[in-house]
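# Structural characterization, general
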Amino acid sequence: PADGVEAHFERTIERDQRVEPRDWMPGRYRTTMVRQIAQHAHSEIIGMQPEGAWITRAPSLRRKAILLAKVQDEAGHGLYLYSAAETLGADRADLTRRLISGRQKYSSIFNYPTTTFADVGVIGWLVDGAAICNQVPLCRSSYGPYARAMVRICKEESFHQRQGYEMLMCLMRGTPAQREMVQDAVDRWWWPSLMMFGPPDADSTHTAQSMAWKIKRHTNDELRQRFVDMTVPQARALGVTLPDPDLRWNEERGHHDFGEIDWSELKRVISGDGPCNAERIEVRRAAHEDGAWVREAAAAHAAKQADTAGR
Ligand code: ACO
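Under an unreviewed UniProt entry, the name given to the protein is 1,2-phenylacetyl-CoA epoxidase subunit A, and the source organism is Actinomadura graeca.

Next up on the list: the overall build of the protein. Along its length, the protein carries 13 helices and two strands. Taken over the C-alpha trace, the protein has a radius of gyration of 21 Å; the compact-globule value for 311 residues is 19 Å, and the two agree within 12%. Expressed as lengths along the three principal axes of its C-alpha atoms, the size of the protein is roughly 70 × 50 × 30 Å. Relative to its 311 residues, the protein shows a buried fraction of 49%.

Taken together, the neighbourhood of the ligand is formed by 28 residues, with Gln39, Lys105, Ser204, His206 and Lys216 sitting nearest. In this structure, Lys105 approaches the ligand through a side-chain N or O atom, which is 2.3 Å from an oxygen atom. Interatomic distance of 2.7 Å between a side-chain N/O atom of Ser204 and an oxygen atom of the ligand. Taking 960 Å² as the accessible area of the ligand by itself, protein coverage stands at 89%. The element that contributes the greatest number of residues to the shell around the ligand is helix H2 (residues 27–46), accounting for six residues. Here the shell around the ligand is composed, by residue class, of 10 nonpolar, 13 polar and five charged.

Bringing the environment of Ile100 into the picture now. Locating Ile100 in the fold gives a position in helix H5 (residues 92–100). We classify Ile100 as buried; its relative accessible area is 19%. Look past the residues within four positions of Ile100 in its chain and what remains in contact with it is Ile281, Arg284, Arg285 and His288.

Here we take up helix H12 (residues 277–290). Taking 1.5 Å per residue, 14 residues should reach 20 Å; H12 reaches 20 Å between its end C-alpha atoms and fits that length. Summarising the contacts, the buried residues of H12 are in contact with H2, helix H3 (48–52), H5 and helix H11 (263–270).

Position of Tyr143 relative to the elements: it lies in the loop between helix H6 (118–135) and helix H7 (144–172). Taking the C-alpha atoms as reference points, Tyr143 and Ala208, separated by 65 residues in sequence, lie 17 Å from one another. Here Thr87 takes part through its side chain, which lies 2.7 Å from a polar atom of the side chain of Tyr143.

This prediction gives the protein a mean pLDDT of 97; 99% of its residues lie at or above 70. This complex was scored by the predictor with a pTM of 0.96 and an ipTM of 0.98.

Across all of its chains, the model carries eight aromatic pairs by this definition. Counting every residue linked through ring pairs, the aromatic cluster contains Phe9, Trp24, Tyr29 and Trp213. Between the NZ or CZ atom of Arg57 and the centre of the ring of Trp54, over which it lies, the distance is 3.9 Å. The positively charged end of Arg152 is found above the aromatic ring belonging to Tyr80, 5.6 Å away from the centroid.

Definitions and cut-offs
- Residues numbered from 1 in each chain as written.
- Predicted model: local features only at pLDDT ≥ 70, side-chain atom pairs only at ≥ 80, totals over all residues.
- Heavy atoms only, no water.
- Helix = DSSP H or I, 4+ residues; strand = E, 2+ residues; numbered from the N terminus.
- Rg over C-alpha atoms; globule rule 2.2 N^0.38 Å.
- Buried < 20%, exposed > 50% of the residue type's maximum accessible area, 1.4 Å probe, protein only.
- Near = heavy atom within 4 Å.
- Polar contact = N/O pair within 3.5 Å; in protein donor to acceptor, adjacent residues only side chain to side chain.
- Areas by Shrake-Rupley, 256 points an atom, 1.4 Å probe, with all protein chains shown as cover.
- Nonpolar A, V, L, I, M, F, W, Y, C, P; charged D, E, K, R; others polar.
- Contact = heavy atoms within 4.5 Å.
- Expected span 1.5 Å × (residues − 1).
- pLDDT = per-residue confidence, 0-100.
- Phe/Tyr/Trp six-rings, centres within 6.5 Å; stacked < 30°, edge-to-face > 60°.
- Lys NZ or Arg CZ within 6 Å of the ring centre and 35° of its normal.

Structure, rendered in structure tokens:
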């Protein structure tokens, strides 16, 4: 009976067990999971572009090898997440169409340009640092395939974060021009990194329901605060200044206070009007079209194999 499966779902959530693909789940739970997983997958795939642009210009073979590996990891994360979305009945080709036609979102952060090589280091440190902060709790997300995907993804993200930090340490030990380049990159990426966590809790459409379903384990503001607290000492160790005059330790709260985020900028970037939105989607669309023959050939090959096997 319908209320039997509903009660089972509620119990699964309540006991901190996992919802699995074949379990009954409310329609809105399924929709929310597909939305979040697809957005996450799209972010990984679009996220290959800003750093990928530096592969041919990396300053040494070592940096190039590291960057290649990192960008490949991101492709892997994207494919892994599309597979997780497929366990919910989503169709990968359809998700890609939705991304390209602007009907599904991807993270705001990947709509900013990477103007110097220091940006690669700062993306590793701040952007991947923020991603880890947001994703480690998702290893306990209630949807099994998503939670399990997060375990591996977080391990690779932490390698990405460390390579970024290590690169910045090298640059900070370099010339005054190199140190300036790092500071300039930090100035440009700090605020957009804070925006990655999403709108403030009061304006977040999905947080309350996603927390109740244990899809999300912390609110956007909680994770943003955690990220600020963990980043301040790292900035100090590195010798860079975070561009916020209001940033200071609040003894009473046991957290850092920080300045007001420009929420109109986040809204603009999410709605498609960031510095690189059009370019990112155009590159993705062209790559998809250029790859059509590979998909057709693979499908033809699979059909031939099935035909031979059937004989
Ligand atoms: N960039 C783009 N869109 C965003 C962002 C952002 N930084 N933050 C929130 N949004 C969107 C939401 O997707 C939602 O849009 P929708 O209703 O059209 O789907 C809307 O703004 C309102 O936000 P919330 O209600 O707070 O949305 P949600 O509960 O999904 O929380 C969050 C947003 C925190 C990003 C969540 O979806 C999440 O944890 N996702 C998984 C992690 C992820 O996708 N990371 C991608 C970047 S990291 C990386 O790829 C390296």
